[in-house]
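Now for the letters of each chain:
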Amino acid sequence: MVKMIIPNVKVCFIILSLVGIVSCQLSSDFYSTTCPDALLTIKNEVESAVSTEARMGASLLRLQFHDCFVQGCDGSVLLDDTSSFTGEKTAGPNAGSLRGFNVIDTIKSKVEALCPRVVSCADIVAIAARDSVVALGGPSWIVQLGRRDSTTASFNSANTDLPGPDSDLSDLITAFSNKGFTTKEMVALSGSHTIGQGSCRFFRDRIYNEDNIDSEFATSLQANCPTSGGDDNLSPIDTTTPTTFDNSYYKNLQNQKGLFHSDQVLFNDGSTDSDVDEYSSDASSFATDFANAMVKMGSISPLTGASGEIRTDCKFVN
């Protein structure tokens, strides 16, 4: 092996063959010399956005899920439509509900001013997700860096690969297994619903038609989510501590107070009940497993080396 410097990319290893193959790995210190102030800049912007609107922390965390589950962690979720492809923003799981693009754009402009065409949008999404969780009292983890940005997006994959709020347990297990996660890791990642809010249209059927729901909880939600109209009315996913990243989400499930159908199926006399019990009683176990699963999330099919690009604007291909 020999080492080679690729512009805007850290050292990669070239495997010599008939055709040179670039094999690059993510690293925690990827920008230590090329943009040493990048991580602090991102952290400051995330903290500012979350202090202004706590819900933004959940939105930035969700951005990473929706990015990595479609084509891998490549920033494709940020791209607007072009003449050559339809972006992912208008896909069913994203349209009208995925948020935080403006925060990512602000961060990108600040980082570009520090070090032009060095820090990828995909890495900004990953760092912002971690910093959002920390800002709301949750665990931290080391974000591996060095992703590059895709030059295309997949509307169709966004519609098929992302589990929805009406998913059954088998649907969730399959969707996460397809991305390399165990069932327990899926339960841990579902704990991201300890923050954020949901729109009425995504839980209306549950609060009016399902029976594995606390009656007082259902009644309280119906006041803000009528049988028709009010589709965009919001309710906290975790009504106990809606702006704190903790394990209350799992305690709510034990009391049949999951907001979405896809929440309550995790605790409904099924195979994942024991995992919910564990995380409900052991906050540190949840924090550790969630952080580890997020590191794994960030390693889903990243573009590295000479693949992809470093966008100057996260909405557009250069």
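Let us look at the packing of aromatic side chains. Throughout the structure, instances matching the rule amount to 12 aromatic pairs. Three or more aromatic residues link up through ring pairs in this structure, and these residues are Trp141, Phe245, Tyr249, Tyr250, Tyr279, Phe286 and Phe290. A cation over a ring is seen here: lysine 89 above phenylalanine 101, with NZ or CZ 4.5 Å from the ring centre.

Turning to the side chain of glutamine 64, a few remarks are in order. Tracing the backbone through its elements, the reader meets glutamine 64 in helix 2 (residues 55-68). According to the relative accessible area criterion, glutamine 64 is buried, its value standing at 2%. Every residue in contact with glutamine 64, bar those within four places of it in the chain, is listed here: Val125, Ala126, Ala129, Met294, Met297 and Gly298.

Moving on, we come to unusual backbone geometry. The phi dihedral of arginine 117 falls on the positive side, at around 55 degrees, and the residue is not glycine. Residue position: arginine 117 is located in the loop between helix 3 (101-114) and helix 4 (121-135). Judged by relative accessible area, arginine 117 falls into the partly exposed class, the value being 39%. Unlike most non-glycine residues, aspartate 269 shows phi in positive territory, near 60 degrees.

Rules behind the numbers
Residues numbered from 1 in each chain as written. Predicted model: local features only at pLDDT ≥ 70, side-chain atom pairs only at ≥ 80, totals over all residues. Heavy atoms only, no water. Phe/Tyr/Trp six-rings, centres within 6.5 Å; stacked < 30°, edge-to-face > 60°. Lys NZ or Arg CZ within 6 Å of the ring centre and 35° of its normal. Helix = DSSP H or I, 4+ residues; strand = E, 2+ residues; numbered from the N terminus. Buried < 20%, exposed > 50% of the residue type's maximum accessible area, 1.4 Å probe, protein only. Contact = heavy atoms within 4.5 Å.

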